[in-house]
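One-letter residues, chain by chain:
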Amino acid sequence: MRRTAAFLADGLGAVAIIGPSTSDLVFAAYDEVAARDVVIVSPSASSPLLSLIDGMMHSDDSPGLFWRTVPSDEFQGQAMASDLTLRDRTHVAILNQDSTYGSGLADVAQGFLEDAGVEVDRMPWSDTTSRDDAVVAAGAVLGLEEVVFISSEVEDIIAFLNSAAVLAGYNNPPLKRFFLADAASDPYLLENLAVTARPLLERVRGTRPQVAKGEVLEAFKGAYAGAYGEDPSAAVFAPYTYDATWLALYGLVWSESQQGGASGTGVSRGIRKLSDKEGLSLPVRSSSYETIASELTAGRGVDLNGASSTLDFDPDSGELSVPTEIWVVNEFGTGFDVVAVCDIEGNCS
């Protein structure tokens with residue numbers, strides 16, 4: 001990732017990078033290009049540690065060089081813990097990928113669970129061998145009610161469920177249940193799970209950031225389906241990627257018109273102008289481009305409503321506060337149904 005980021009900055013002269021997708025890759029890319037004044041806008045890197053990557057407080061003078069359209073996993077971890085405690089779980093295991101994302105989310109969930117009096121067995125893993133060992137170990141724990149499995153890779157989640165399907169510890173009464181994080185709510189998981197593991201789906205539950213429903217999302221879905229013949233909302237981070245792309249573009253408009261040229265800092269200052277409650281309220285869609293660009297060129301901010309959320313970035317932290325959905329696999333095993341929504345305080349209904 002470092003070499004790619006360096007090539008984009010030095011070879012192509014990029015002042016903004018949309019992505020990377022994972023938190024570890026964001027850290028690598030940021031370390032490589034921040035000194036080159038390149039801003040990073042990630043649609044899916046959600047580690048809580050990224051909240052501090054470019055400082056705790058931001059302003060127009062010091063806007064930072066990292067943005068994300070997905071919320072911090074502080075919210076997802078709290079929602080996990082709230083849902084587990086609401087269902088009276090007293091003993092759970094957390095099997096997490098030993099990465100910035102996996103460890104960060106697991107730390108948050110474990111903290112909230114232990115504060116609620118839940119016993120937590122923590123089993124981090126770093127490769128396929130240690131992952132498989134952790135799966136076996138968790139299955140053998142007596143009295144364990146639910147296993148939380150956290151990975152940014154859908155293939156890891158498929159391997160976990162495939163293994164659990166043949167291990168007696170997961171299938172002898174009382175049956176252990178499974179709690180998965182956002183990466184699991186992907187059609188790829190359902191399409192590639194082994195036949196032997198499909199009966200486990202009725203015991204699966206998970207979390208993911210809520211995608212706002214409304215005309216902007218519908219317009220994005222319609223345009224995407226018209227061009228590619230697919231529903232983009234089946235992939236949880238597609239709307240976030242759409243919004244991230246537009247944020248970078250509008251930030252560039254601001255930089256060019258107000259800062260005298262394209263720069264990462266200028267783009268970042270421009271992104272700060274897209275959550276202006278005193279500006280025009282406008283949807284993120286191609287038909288709004290001319291109006292939004294005109295407002296920014298005139299030095300005025302706008303209040304954008306995206307496909308993923310209302311894009312209300314906190315002016316100090318630069319972060320979004322988005323509710324978390326609790327999902328289950330539908331009765332046909334073909335998709336995901338939302339059964340609850342947890343607000344940013346962790347209250348689920």
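Please refer to the structure higher up on the page.
Report follows, based on the coordinates. Only a predicted model underlies this, so the values are computations on that prediction, with no experimental measurement involved. (Residues numbered from 1 in each chain as written. Predicted model: local features only at pLDDT ≥ 70, side-chain atom pairs only at ≥ 80, totals over all residues. Heavy atoms only, no water.)

**What about unusual backbone geometry?**
In step 1: The omega torsion across Gly19 and Pro20 is -5°, close enough to zero to call that bond cis.
In step 2: Inspection of the secondary structure assignment puts Pro20 in the loop between β1 (16–18) and α2 (23–33).
In step 3: Positive phi is not limited to glycine here, since Leu311 has a value of about 55°.
In step 4: With respect to the helices and strands, Leu311 occurs in the loop between β10 (302–305) and β11 (324–329).
In step 5: Looking at Leu311, the relative accessible area reads 1%, which means it is buried. (Helix = DSSP H or I, 4+ residues; strand = E, 2+ residues; numbered from the N terminus. Buried < 20%, exposed > 50% of the residue type's maximum accessible area, 1.4 Å probe, protein only.)

**Section: empty space enclosed by the protein**
In step 1: With the rule as written, the count across this model stands at 2 cavities of 30 Å³ or more.
In step 2: Taken as a whole, the largest cavity encloses approximately 70 Å³ of empty space.
In step 3: Lining the largest cavity, in full, are Leu50, Ser51, Asp54, His58, Pro63, Phe66, Trp67, Arg68, Ser317, Gly318 and Glu319.
In step 4: Here the second largest cavity is characterised by a volume of approximately 50 Å³. (1 Å grid on protein atoms, 1.4 Å probe; cavity = no way out; pocket = protein on both sides within 12 Å on 5 of 7 lines; lining within 4 Å. Points joined across faces, edges and corners; volume = space filled by probe spheres on them.)

**What to know about the layout of surface pockets**
Over the atoms rolls a probe the size of a water molecule, and in doing so it shows where empty space is left.
In step 1: Reported here for the largest pocket is a volume of approximately 360 Å³.
In step 2: Around the largest pocket sit 20 residues that line it, and Arg208, Lys213, Ser233, Ala234 and Phe336 are the ones nearest its centre.
In step 3: Taken together, the elements giving at least two residues each to the lining of the largest pocket come down to β8 (204–209), α9 (215–228) and β12 (336–342).
In step 4: With 3 residues, α9 is the single largest residue contributor to the lining of the largest pocket.
In step 5: Here the second largest pocket defines a volume of roughly 300 Å³.
In step 6: Ser21, Ser44, Ser152, Ala183 and Phe237 are the residues nearest the centre of the second largest pocket, which is lined by 18 residues in total.
In step 7: Grouping the amino acids of the lining of the second largest pocket by side-chain chemistry returns 8 nonpolar, 7 polar and 3 charged. (Nonpolar A, V, L, I, M, F, W, Y, C, P; charged D, E, K, R; others polar.)

**Topic: helix α10 (residues 238–258)**
In step 1: For α10, with 21 residues, the first-to-last C-alpha span of 30 Å sits near the 30 Å given by 1.5 Å per residue.
In step 2: Gly260 sits one or two residues past α10 and shows a positive phi near 80°. (Expected span 1.5 Å × (residues − 1).)

**Some details on the side chain of Thr324**
In step 1: Mapped onto the secondary structure, Thr324 falls in strand β11.
In step 2: Taking the relative accessible area as the measure of exposure, Thr324 reaches 3% and is therefore buried.
In step 3: In this view, Thr324 contacts Phe75, Gln76, Ala79, Thr207, Arg208, Gln210, Ala340, Val341 and Cys342; residues no more than four positions away in its chain are not counted. (Contact = heavy atoms within 4.5 Å.)

**Notes on the packing of α10 against helix α12 (residues 289–297)**
The angle between the axes and the distance between the axes are what describe a pair of packed helices.
In step 1: Contact geometry of α10 with α12 gives a least axis separation of 9 Å together with a crossing angle of 40°. For the element pair α10 and α12, the recorded crossing hand is right-handed. Residues Trp246, Leu249, Tyr250, Val253, Trp254, Ser257 and Gln258 of α10 lie in contact with α12, whose contacting residues are Tyr289, Ile292, Ala293, Leu296 and Thr297.
In step 2: Looking at the contact of α10 with α12 residue by residue, the class counts come to 9 nonpolar, 3 polar and no charged. (Axes fitted to C-alpha atoms, helices over the stretch in contact; angles between N-to-C directions. Left-handed = near helix turned anticlockwise from the far one by under 90°.)

**Notes on the packing of aromatic side chains**
In step 1: This model, assessed by the stated rule, comprises 15 aromatic pairs.
In step 2: The interplanar angle of 5° and the centroid separation of 4.4 Å between the aromatic rings of Phe149 and Phe160 together place this pair among those described as stacked. Residue Phe149 is located in strand β6 (residues 146–150), and its partner Phe160 is located in helix α6 (residues 154–164); the two are separated by 11 residues in the primary sequence.
In step 3: You can call Phe149 buried: its relative accessible area is 0%.
In step 4: Between the aromatic rings of Tyr250 and Tyr289, the centroid separation amounts to 5.9 Å while the plane-to-plane angle is 20°, which identifies the pairing as stacked. Pair noted here: Tyr250 is in helix α10 and Tyr289 is in helix α12, with a separation of 39 residues, a long-range link. (Phe/Tyr/Trp six-rings, centres within 6.5 Å; stacked < 30°, edge-to-face > 60°.)

All we've got here are geometric facts, nothing functional implied.
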